[in-house]
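If you want the building blocks of each chain, they are given just below.
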Amino acid sequence: MKVLLYTDGSMDVPSEKGGWAAWIQRERESSWDVRYGRCPAYVKQANHAELFAVYAGLKLAHSKWSDIRTIRVCSDSVTALRHVSKGILRMRSRDPVMLRIRTKIQDMLVGCHLQTAHVKSHQDPAIGIDHYINDRVDSFAERGRRGVIGPHHMTATEVFDL
């Protein structure tokens, strides 16, 4: 089974508050799920938030479906996609937060085929479905950063406990 995963992170550097959002959907199904929340306190940079969003999305997908064979991760963050697709040993990074999140992601990808796709950010949603979904995920990540509680909100503890 193939899962489509769109993710985005949002960061306010002065306040050190970050948010994440993930849109997950099984391929060939019309139903989808979106979740968002505030990043944990150790997330201090935009790239941290982007990569944490991928982690949260993967956790959500694995909590919903046990038969995942292929995951397509779509993001407007080239850095997050590179960290996910290059693997732990080949991607050079001295940032302990990126390494911590990436290690958790790699553990979840064991036995799954990974595909990645870059979606250019801040494009007209009318251009196509990828841009529409990216725009929606971006708005949810902002809600998470701002601490907005809504029907799709999750706390960091809920993400870790999936």
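Heads up: these notes are all about the structure in this document. (Residues numbered from 1 in each chain as written. Predicted model: local features only at pLDDT ≥ 70, side-chain atom pairs only at ≥ 80, totals over all residues. Heavy atoms only, no water.)

**Overview of helix H4 (residues 129-146)**
Each full turn of the α-helix corresponds to 3.6 residues, which orients residues three or four apart in the same direction.
So, step 1. The terminal C-alpha atoms of H4, which comprises 18 residues, lie 26 Å apart, in line with the 26 Å expected from a rise of 1.5 Å per residue.
So, step 2. Among all positions in H4, only His-131, Ile-133, Asn-134, Val-137, Asp-138, Ser-139, Phe-140, Ala-141, Gly-144 and Arg-145 are buried.
So, step 3. Contacts made by the buried residues of H4 are with strand S1 (2-12), strand S2 (17-26) and strand S3 (33-38).
So, step 4. Taken from the residues just after H4, Gly-147 is the one with a positive phi, measuring 80°. (Helix = DSSP H or I, 4+ residues; strand = E, 2+ residues; numbered from the N terminus. Expected span 1.5 Å × (residues − 1). Buried < 20%, exposed > 50% of the residue type's maximum accessible area, 1.4 Å probe, protein only. Contact = heavy atoms within 4.5 Å.)

**Digging into the nonpolar core**
So, step 1. Counting 35 residues, the largest nonpolar core has Trp-20, Phe-52, Leu-58, Ile-101 and Ile-105 as the members making the most contacts within it.
So, step 2. Listed by contribution, the elements that provide at least two residues to this core are S1, S2, helix H1 (46-64), strand S4 (70-75), helix H2 (78-86) and helix H3 (96-108).
So, step 3. Here the element with the most residues in this core is H1; it accounts for 10 residues.
So, step 4. Among all residues touching Ile-101, those that are not within four sequence positions of it are Tyr-42, His-48, Leu-51, Phe-52 and Tyr-55.
So, step 5. In terms of nonpolar packing, the next biggest core, distinct from the first, is built from 13 residues, Trp-23, Tyr-36, Phe-140 and Ala-141 among them. (Core = buried A, V, L, I, M, F, W, Y, C linked by side-chain atoms within 4.5 Å.)

**Observations regarding the packing of aromatic side chains**
So, step 1. In the structure shown here, the tally under the stated rule is four aromatic pairs.
So, step 2. When the ring of Trp-20 is compared with that of Phe-52, the centres are 6.5 Å apart and the planes differ by 65°; the resulting orientation is edge-to-face. Pair noted here: Trp-20 is in strand S2 and Phe-52 is in helix H1, with a separation of 32 residues, a long-range link.
So, step 3. Residue Phe-52 is classed as buried on the basis of its relative accessible area, which comes to 0%.
So, step 4. Geometrically, the ring pair formed by Phe-52 and Tyr-55 is tilted, given 5.5 Å between the ring centres and 50° between the ring planes. Placement of the pair is Phe-52 and Tyr-55 together in helix H1, with a separation of three residues, close to one helical turn.
So, step 5. The exposure class of Tyr-55 is buried, given its relative accessible area of 5%.
So, step 6. One aromatic cluster is present, formed by Trp-20, Phe-52 and Tyr-55 through successive ring pairs.
So, step 7. Lying across the ring of Tyr-55, Lys-104 places its NZ or CZ 5.6 Å from the centre.
So, step 8. The residue whose ring lies beneath Arg-143 is Phe-140, and the NZ or CZ to ring-centre distance is 4.5 Å. (Phe/Tyr/Trp six-rings, centres within 6.5 Å; stacked < 30°, edge-to-face > 60°. Lys NZ or Arg CZ within 6 Å of the ring centre and 35° of its normal.)

Remember that the coordinates give geometry; whether it matters functionally is a separate question.
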